[in-house]
Amino acid sequence: MKIGILISGRGSNMQALVKAAAEPDYPAEVAVVISNRPDALGLEYARHVGLPAVTIDHKAYDSREAFERELDRVLRQYGTELICNAGFMRLLTAGFVDAWHDRQINIHPSLLPAYKGLHSHERVLADGVKITGCSVHFVRTAMDAGPIIAQAAVPVLEGDEPGDLAARVLQAEHQLYPHALKLVAEGRARVRDEKVVIDGNDRAAPALFSPLIGARD
Ligand code: GAR
């Protein structure tokens, strides 16, 4: 399955997907990396490993629709079958989201549906919850909403600052996203009644992914 990765910045999740896709037998290949910001660090990495890396600067377009028309055109030009949002910080209109229905996934650094939106780690710490994590989900028009494919649980530790928590969750993101993409690319994660069903769900391919617990097994 050919994927197009959308980024806006550092692109560490994009790197995790690129590395996974380089493995023999991985069921997805990266067709193009697109950033809406010309200064996104991730573009350099994509170019460095020889991938098409395209900037579509949203500021250069009169409207969201015009920006998205170009985004859609470039994605199709590279034969994209599935879009992976990886730190892509631009809201998409219903027209674009509907055109890629069940063919666009996103990673968010919380256990959705909790802590949607920005500054999730700050809010997790303010609430004093003991477990947070990250989620990969199919994209719908509402922000950070849509059928959940897989989640990773991450502990909140005593004395954590937002940056500590962000770094710990990010490590889990780098494991979770390739895992979730594999499930989708193999056709095993399917949406039924707006929930994801994983075909042949078993311990080898869990939808709940908890690296720390797994490490102790
Ligand atoms: C990641 O933590 C990702 O989950 C988050 O932005 C970061 C991007 O880092 N995405 C969102 O908050 C989307 N709502 P990266 O550029 O290094 O992958």
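Residues numbered from 1 in each chain as written. Predicted model: local features only at pLDDT ≥ 70, side-chain atom pairs only at ≥ 80, totals over all residues. Heavy atoms only, no water.

### Things to note about the overall build of the chain
When helices and strands are tallied, the chain shows seven helices and ten strands. Taking 2.2 N^0.38 as the reference for a compact globule, 217 residues should give roughly 17 Å; the C-alpha atoms of the chain span a radius of gyration of 17 Å, in line with that estimate. In terms of overall dimensions, the chain has a C-alpha envelope of 45 × 40 × 40 Å along the principal axes. Going through the 217 residues of the chain one by one, you find that 48% of them count as buried. Put simply, 62% of the contacts in the chain that link residues at least 6 apart link residues at least 24 apart. A total of about 10,800 Å² of accessible surface is found on the chain, and carbon and sulfur atoms cover 53% of it. Distance between charge centroids for the chain: 2 Å, based on 24 positive and 28 negative side chains. (Helix = DSSP H or I, 4+ residues; strand = E, 2+ residues; numbered from the N terminus. Rg over C-alpha atoms; globule rule 2.2 N^0.38 Å. Buried < 20%, exposed > 50% of the residue type's maximum accessible area, 1.4 Å probe, protein only. Contact = heavy atoms within 4.5 Å. Areas by Shrake-Rupley, 256 points an atom, 1.4 Å probe, with all protein chains shown as cover. Lys, Arg positive; Asp, Glu negative; His and termini not counted. Charge placed at Lys NZ, Arg CZ, Asp CG, Glu CD.)

### Some points on the pattern of salt bridges
Counted by the stated rule, this structure contains nine salt bridges. For E186, the salt bridge goes to K182, with nearest N and O atoms at 3.2 Å. Residues R188 and E186 are paired through a salt bridge, measuring 3.8 Å at the closest nitrogen-oxygen approach. Here R188 falls in the partly exposed class, since its relative accessible area comes to 21%. In this structure E186 comes out as partly exposed when scored by relative accessible area, which is 36%. Residues joined in a network through salt bridges with shared partners are D102, R140 and E194. (Salt bridge = Lys/Arg side-chain N within 4 Å of Asp/Glu carboxyl O.)

### Observations regarding helix α6 (residues 162-185)
Relative to the 34 Å expected for 24 residues at 1.5 Å per residue, α6 spans 33 Å between its end C-alpha atoms, a close match to the ideal helical length. Within α6, the axis deviates most sharply at E173, by approximately 25 degrees. (Expected span 1.5 Å × (residues − 1). Bend = angle between axes of the 7 residues up to and from the residue.)

### Focus on the site of the ligand
Contacts to the ligand come from R10, G11, S12, N13, G87, M89, I107, H108, P109, D144, L170 and E173. In the environment of the ligand, an oxygen atom lies 2.6 Å from a nitrogen or oxygen atom belonging to the side chain of R10. At 2.6 Å from an oxygen atom of the ligand is found a side-chain nitrogen or oxygen belonging to E173. Coverage of the ligand by the protein chains reaches 87% of its 450 Å² of free accessible surface. Of all the secondary-structure elements, those providing two or more residues to the shell around the ligand are α1 (12-21), β5 (104-108) and α6. Taken together, the residues of the shell around the ligand break down into four nonpolar, five polar and three charged. (Near = heavy atom within 4 Å. Polar contact = N/O pair within 3.5 Å; in protein donor to acceptor, adjacent residues only side chain to side chain. Nonpolar A, V, L, I, M, F, W, Y, C, P; charged D, E, K, R; others polar.)

### Considering the side chain of N85
Along the chain, N85 turns up in strand β4 (residues 82-85). On the basis of relative accessible area, N85 is assigned to the buried category, the value being 5%. A polar atom in the side chain of N85 sits 3.1 Å from the side chain of Q104. Aside from chain neighbours lying at most four places away, what touches N85 is L6, L92, Q104, I105, N106, I107, V139 and Y177.

### Describing the pairing of strand β2 (residues 29-35)
In terms of residue burial, β2 counts as a mostly covered element, since six of its seven residues are buried. Taken together, the six bridges between strand β1 (residues 2-7) and β2 define a ladder with parallel strand orientation. Residue pairing in the sheet places L6 in a bridge with I34 of β2. Between β1 and its parallel partner β2, the chain crosses via α1, and the hand of that crossover is right-handed. Considered for its hand, the β-α-β crossover made up of β2, helix α2 (residues 41-48) and strand β3 (residues 53-55) is right-handed. (Pairing = 2+ DSSP bridges. Right-handed = clockwise from strand over helix to strand, strands pointing away.)

### Digging into the confidence of the model for the chain
The predicted model of the chain averages 93 in pLDDT, with 92% of residues at 70 or higher. Below a pLDDT of 50 lies the segment residues 213-217, which in the model reaches one contact outside its immediate sequence neighbourhood of four places, other chains included. (pLDDT = per-residue confidence, 0-100.)

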